[in-house]
Amino acid sequence: MAMFGKKKSESSSSAKGMSPIGKDLSFAASEAYKLLRTNLFFSVPPGDVGRVVGITSSVRGEGKSTTTINLAYALAVSGKRVALIECDMRLPVLATRLEIDPTPGLSNLLAGLSAARDVLRESGLHKNLKVVPAGDVPPNPSELLGSDRMKLITETLVQEFDFVFVDLPPIMAVSDALVASSFLDAMIVVVRQDVCTRGMLRETMRQLSVVGDKVIGFVFTCARAEKRSYYYRRKYYRYGGSYGYGYGYGYGYGSSHHRSRSDKSGEGSTSDANH
Ligand SMILES: Nc1ncnc2c1ncn2[C@@H]1O[C@H](COP(=O)(O)OP(=O)(O)OP(=O)(O)O)[C@@H](O)[C@H]1O
Ligand SMILES: [Mg+2]
């Protein structure tokens, strides 16, 4: 099934009051996302067909959407063809962040109300990065995400793109991210300092392990060195400054099959940078 993009905006600036995205990122933040990109290659190397990678967190507002957009952008800049699907149909932000039309989107496609060529759009950030915004808020997001149609959409996209990123709702809020596990190759968990507690993360990992061990790593957001606890220090490494993006994979949460794919020579390596 061929899909076509429709450019809605030339703007690459981030929405007012939100953290920067795309080419508006600071040098340090941009380098951190490049390191995250490298670590992703170690965990899920590009293959004959693309990879479907979900991004979730424990609770709301930990930086999932920002991380998804910037990681997708970092890959697009490196020459990979990337699709970003906004699967958080309850609280969509992608259209606002990218300054594109919010509809039609994923919900419209899943409901059979729109065609694929109408919902897959230019991101306005990079020509290699296409996006599918969430669309109209549906009454039954979980059911839509668990439908055969959703599986078909991702199966189709991986034929055309090297990576398909899926921006998900948080684990502890709704079941959507757990439902989405069935069509993901890998999952990244965003952890925001002062928001996600150790107990929350433990519960998140427990729930994710029930639906399959797909977690390949963590992105640590808004980290301040002086506030970082031992719990985090032993898992993440960072260079000083006010805020951080961190990434590392595996870290004692099961033995993901993704790690064995690349022998994980970089296991334990992390990246981090500041705004
Ligand atoms: N690494 C970061 N450093 C500083 N601020 C950030 C970072 N990532 C996200 N933010 C800010 O935190 C807020 C929430 O970010 P974002 O929308 O990406 O989170 P989210 O996890 O997707 O939220 P939701 O659960 O509501 O979908 C935004 O104001 C964003 O600009
Ligand atoms: Mg979000």
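Residues numbered from 1 in each chain as written. Chains lettered and ligands numbered in written order. Predicted model: local features only at pLDDT ≥ 70, side-chain atom pairs only at ≥ 80, totals over all residues.

## A short note on the confidence of the model for the chain
Here's step 1: Taken as a whole, the chain shows an average pLDDT of 81; of its residues, 76% reach a score of 70 or greater.
Here's step 2: Confidence drops under pLDDT 50 across residues 227–275; counting only partners more than four residues distant or on other chains, this segment forms 109 contacts. (pLDDT = per-residue confidence, 0-100. Contact = placed C-beta atoms within 7 Å.)

## As for the site of ligand 1
Here's step 1: Around ligand 1, a shell composed of 18 residues is seen, among which Ser-19, Gly-63, Lys-64, Ser-65 and Thr-66 lie nearest.
Here's step 2: When residues in the shell around ligand 1 are grouped by element, the largest group, 3 residues, is from helix α2 (residues 64–77).
Here's step 3: Class assignment for the residues of the shell around ligand 1 results in 7 nonpolar, 7 polar and 4 charged. (Near = placed C-beta within 6 Å. Helix = DSSP H or I, 4+ residues; strand = E, 2+ residues; numbered from the N terminus. Nonpolar A, V, L, I, M, F, W, Y, C, P; charged D, E, K, R; others polar.)

## A few points about the environment of Tyr-33
Here's step 1: Within the element layout of this structure, Tyr-33 appears in helix α1 (residues 27–43).
Here's step 2: By the C-beta count within 10 Å, which is 24 here, Tyr-33 ends up buried.
Here's step 3: Once the C-alpha coordinates of Tyr-33 and Tyr-73 are considered, the two residues, 40 residues apart in sequence, prove to be 8.9 Å apart. (Buried ≥ 20, exposed ≤ 12 C-beta atoms within 10 Å, placed from the backbone.)

## Let's talk about helix α7 (residues 148–160)
Here's step 1: Across its 13 residues, α7 extends 19 Å between first and last C-alpha, which sits within 8% of the 18 Å expected from 1.5 Å per residue.
Here's step 2: Among the residues of α7, Met-150, Ile-153, Thr-154, Leu-157 and Val-158 are the ones counted as buried. All buried residues of α7 lie within an arc of 130° about the axis, which places them on one face of the element. α7 presents Asp-148 and Gln-159 as exposed residues on the side facing more than 90 degrees away from its buried surface.
Here's step 3: Taken together, the buried residues of α7 touch β1 (51–57), β2 (82–86), α4 (106–110), α6 (141–145) and β5 (163–167). (Expected span 1.5 Å × (residues − 1). Arc of directions from axis to C-beta.)

## What about the nonpolar core?
Here's step 1: One finds Ala-72, Val-82, Val-164, Phe-165 and Val-166 to be the most contacted residues of the largest nonpolar core, which totals 72 residues.
Here's step 2: The element that contributes the greatest number of residues to this core is α2, accounting for 7 residues.
Here's step 3: If we ignore the near neighbours within four places in the chain, the residues touching Val-82 are Ala-72, Leu-75, Ala-76, Asn-128, Leu-129, Phe-161, Asp-162, Phe-163 and Phe-165. (Core = buried A, V, L, I, M, F, W, Y, C linked by C-beta atoms within 7 Å.)

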